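An overview of the molecular structure
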Amino acid sequence: AQSVAQPEDQVNVAEGNPLTVKCTYSVSGNPYLFWYVQYPNRGLQFLLKYITGDNLVKGSYGFEAEFNKSQTSFHLKKPSALVSDSALYFCAVRLEYGNKLVFGAGTILRVKS
Amino acid sequence: DAMVIQNPRYQVTQFGKPVTLSCSQTLNHNVMYWYQQKSSQAPKLLFHYYDKDFNNEADTPDNFQSRRPNTSFCFLDIRSPGLGDAAMYLCATSRDSRATNEKLFFGSGTQLSVL
């Protein structure tokens with residue numbers, strides 16, 4: 001069965017510092033990987049996805065993610081964090097031949113000024 | 001500019017009293033999903049419609065039903081809500097669930113409380 005793990009419940013970063021939100025996955029085939037962000041009292045918003053090709057994927061709001069097949073990871077990164085980046089971040093995976101999107105438990109990102 | 005709209009934003013119901021949550025979309029997407037998200041947990045897929053075809057997840061309780069009268073609207077019916085059904089319910093859409101690289105568009109959710 002496919003699954004996604006986000007090992008950190010919360011990540012704290014100072015504004016202007018780089019941030020990383022970790023995600024590892026487990027699937028039997030080729031994964032399609034996604035990051036979504038959820039601001040308070042809002043639905044989830046799509047940030048970026050990895051389908052195939054370059055391992056470094058660039059997305060919305062200056063975020064990027066690096067796909068690492070050997071480590072089965074898809075960590076979300078941003079070179080310089082903003083206070084407005086504070087939110088709940090979800091990693092998700094979908095099987096190549098399936099249509100169910102499975103979410104990780106989420107990581108709260110807190111950026112302090 | 002809202003594309004996936006959920007009403008109401010907050011819903012309070014009584015234990016055992018049927019409740020219906022609404023979702024509408026202006027994207028003309030084929031697929032509509034309902035997710036349940038409990039506090040500090042990942043969204044869990046309950047079911048989805050591909051056009052008029054209903055696809056239920058194996059572990060979705062029978063207490064949860066859905067209707068999609070047309071492309072734009074989808075409803076979540078909880079026949080006899082229990083205290084454990086208190087959660088945020090998220091509606092989402094995508095153009096085609098069979099395209100595995102499709103992204104989902106989410107509504108703002110309905111926070112359901114059961115008293």
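Structural notes, computed from the coordinates. This structure is a prediction, so every number in the text was calculated from the model and none was measured.

About the thresholds
- Residues numbered from 1 in each chain as written.
- Chains lettered and ligands numbered in written order.
- Predicted model: local features only at pLDDT ≥ 70, side-chain atom pairs only at ≥ 80, totals over all residues.
- Heavy atoms only, no water.
- Disulfide = S-S within 2.5 Å.
- Helix = DSSP H or I, 4+ residues; strand = E, 2+ residues; numbered from the N terminus.
- Buried < 20%, exposed > 50% of the residue type's maximum accessible area, 1.4 Å probe, protein only.
- Salt bridge = Lys/Arg side-chain N within 4 Å of Asp/Glu carboxyl O.
- Contact = heavy atoms within 4.5 Å.
- Buried area = accessible area lost by both parts, 1.4 Å probe.
- Nonpolar A, V, L, I, M, F, W, Y, C, P; charged D, E, K, R; others polar.
- Pairing = 2+ DSSP bridges.
- Axes fitted to C-alpha atoms, helices over the stretch in contact; angles between N-to-C directions.

Some points on the state of the cysteines
This model, assessed by the stated rule, comprises two disulfides over all chains. Each sulfur of the disulfide joining Cys23(A) and Cys91(A) lies 2.0 Å from the other. One quick way to see it: the torsion about the S-S bond of Cys23(A) and Cys91(A) is about -65°, and its sign makes the bridge left-handed. Note that Cys23(A) is positioned in the loop between strand 3 (19-21) and strand 4 (24-26) and Cys91(A) in strand 10 (residues 87-95), a separation of 68 residues in sequence. Residue Cys23(A) shares its accessibility class with Cys91(A), and that shared class is buried. One disulfide bridge connects Cys23(B) with Cys91(B), the sulfur atoms lying 2.0 Å from each other.

Some points on the pattern of salt bridges
Residues and elements named next belong to chain A. Scanning the model with the defined rule gives five salt bridges over all chains in all. Among the salt bridges present, the one from Glu64 reaches Lys58, with a minimum N-O distance of 2.9 Å. When its relative accessible area of 62% is taken as the criterion, Lys58 is described as exposed. The salt bridge involving Asp85 is made with Lys78; its shortest N-O contact spans 2.8 Å.

A short note on the interface of chain B and chain A
Taken residue by residue, the interface counts 23 residues in chain B and 23 residues in chain A. Across the chain B to chain A interface the summed buried area is about 1,800 Å²; carbon plus sulfur atoms make up 52%. For the pair chain B and chain A, the number of links is zero salt bridges. Those elements that provide at least two residues to the side of chain B that touches chain A are strand 4 (31-37) and strand 5 (44-50) of chain B. The dominant element in the side of chain B that touches chain A, judged by the number of residues it contributes, is strand 4 of chain B, at three residues. Its residues placed into classes, the side of chain B that touches chain A shows ten nonpolar, nine polar and four charged.

Section: the sheet that holds strand 8 (residues 73-78) of chain B
Residue and element names in this part refer to chain B. The four strands are arranged 1-3-8-7 in an open sheet whose pairing can be described as antiparallel. Each edge of the open sheet is held by one strand with a lone partner, namely strand 1 (4-7) and strand 7 (64-67). Here the strands of the sheet are splayed against their neighbours by 20° on average, with no regard to which way each runs.

Looking at the pairing of strand 6 (residues 53-56) of chain B
When strand 5 of chain B meets strand 6 of chain B, the two strands line up antiparallel, connected through four bridges. In the strand pairing of strand 6 of chain B, Tyr50(B) is matched with Asp53(B).

A short note on the environment of Phe15(B)
Residues and elements named next belong to chain B. Counting through the fold element by element, Phe15 comes out in the loop between strand 2 (10-13) and strand 3 (19-25). Overall, Phe15 belongs to the exposed group, its relative accessible area being 57%. A sequence separation of 51 residues divides Phe15 from Ser66, and the C-alpha atoms of the two residues are 19 Å apart. Residues within four places of Phe15 in sequence aside, it is in contact with Pro81, Gly82, Leu83, Val114 and Leu115.

Focus on unusual backbone geometry
Residue and element names in this part refer to chain B. In this chain, Asn7 is followed by Pro8 through a cis amide linkage whose omega measures -10°. Note on placement: Pro8 falls in the loop between strand 1 and strand 2. A positive phi is found at Asn28, a non-glycine position, where the angle reads about 60°. Inspection of the secondary structure puts Asn28 in the loop between strand 3 and strand 4. Here Asp51, not a glycine, exhibits a phi torsion of approximately 60°, which is positive. Following the sequence through the fold, Asp51 ends up in the loop between strand 5 and strand 6.

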